[in-house]
Amino acid sequence: GYDAGPYVPEGAGLRGLRDAAAGCRGCPLYREATQTVFGTGDTSARMLLVGEQPGDQEDRQGRPFVGPAGGVLDRALGEAGIDPEGTYVTNAVKHFKFEPARRGKRRIHKAPDLKEIRACKPWLAEELRLVAPEVVVALGATAGKTLFGSSFRVGKQRGLALPLPALDGSGEGEGTLVATIHPSAVLRAGDEERAAMYAGLVADLKVAARLLC
Ligand code: URA
């Protein structure tokens, strides 16, 4: 099966992990993507945020959340009183999955499937171990399921301070998990719902911010 495990160097720091992740072939997503998008930010951050997977801009630039969703996220973090510079930001899946648009050069994001999410988990597990944040924020269902298991439902569990499970399924990890919607959901929302969805994102991020007080 797909597995990034054999590509993860033992005893490496974040720098070594990032270099190794650039050559990951643990699942087929590397074939079409431009590059691996590893986590970035403050490597001793007290808050670590997990998205789904890089989008078009992230794939081109090699950094997470630098596209439109990142704009929403940065603004929401600011409103919640969180300095984005003080966080570490990464994704559940490290390669962009897409299909070409019928016409033109646009690339349409495709949700990663369970096999790819599972395959990529060793990278996230190492990021969590090395950054050792006090608070982990799951942005959307994919991040929530990756960190909490397939029974996770954003609608039910968002905005709550939950004990962070160990990523290897061995029981409780250290730290607190707060889940919220994915910032892309705000962008996709219709005019009627957008403001309320954004406010909900900010409210959930405030729950995470308060844990660090
Ligand atoms: N959406 C994500 O989940 N992650 C990114 O890095 C960008 C968009």
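Residues numbered from 1 in each chain as written. Predicted model: local features only at pLDDT ≥ 70, side-chain atom pairs only at ≥ 80, totals over all residues.

**As for the sheet that holds strand 3 (residues 87-91)**
Here is step 1: The mixed open sheet is built from 6 strands, whose spatial order is 1-3-2-6-8-7. Each edge of the open sheet carries a strand with a single partner, namely strand 1 (40-41) and strand 7 (162-165).
Here is step 2: Note: strand 2 (residues 47-51) against strand 3, 5 bridges, orientation parallel. Its bridge partner lying in strand 3, Met47 is registered against Thr87.
Here is step 3: Packing against the sheet, helix 5 (residues 141-148) makes contact with strand 2, strand 6 (135-139), strand 7 and strand 8 (172-180), and its axis sits at approximately 135 degrees to strand 6. (Pairing = 2+ DSSP bridges. Helix = DSSP H or I, 4+ residues; strand = E, 2+ residues; numbered from the N terminus. Contact = placed C-beta atoms within 7 Å. Axes fitted to C-alpha atoms, helices over the stretch in contact; angles between N-to-C directions.)

**Overview of the UniProt feature "domain: Uracil-DNA glycosylase-like" (unreviewed entry) in the protein chain**
Here is step 1: This chain's UniProt record puts "domain: Uracil-DNA glycosylase-like" (unreviewed entry) on residues 38-206.
Here is step 2: Annotation note: span residues 38-206, helix share 41%, strand share 21%, distance between end C-alpha atoms 26 Å. (UniProt positions renumbered as here; feature names shortened; annotations may be inferred.)

**Quick look at the environment of Tyr2**
Here is step 1: Along the chain, the position of Tyr2 falls in the segment before helix 1 (14-21).
Here is step 2: The exposure class of Tyr2 is partly exposed, given the 16 C-beta atoms found within 10 Å.
Here is step 3: Beyond its immediate chain neighbours, meaning those up to four positions away, Tyr2 contacts Gly26, Cys27, Lys115, Glu116 and Ala119. (Buried ≥ 20, exposed ≤ 12 C-beta atoms within 10 Å, placed from the backbone.)

**Side note on the environment of Gly144**
Here is step 1: Within the secondary structure layout, Gly144 lies in helix 5.
Here is step 2: Overall, the presence of 28 C-beta atoms within 10 Å leaves Gly144 in the buried class.
Here is step 3: Sequence separation between Gly144 and Val50 is 94 residues; the distance between their C-alpha atoms is 8.6 Å.
Here is step 4: When near neighbours in sequence (up to four residues on either side) are disregarded, Gly144 contacts Ala138, Phe152, Val154, Gln157 and Ala179.

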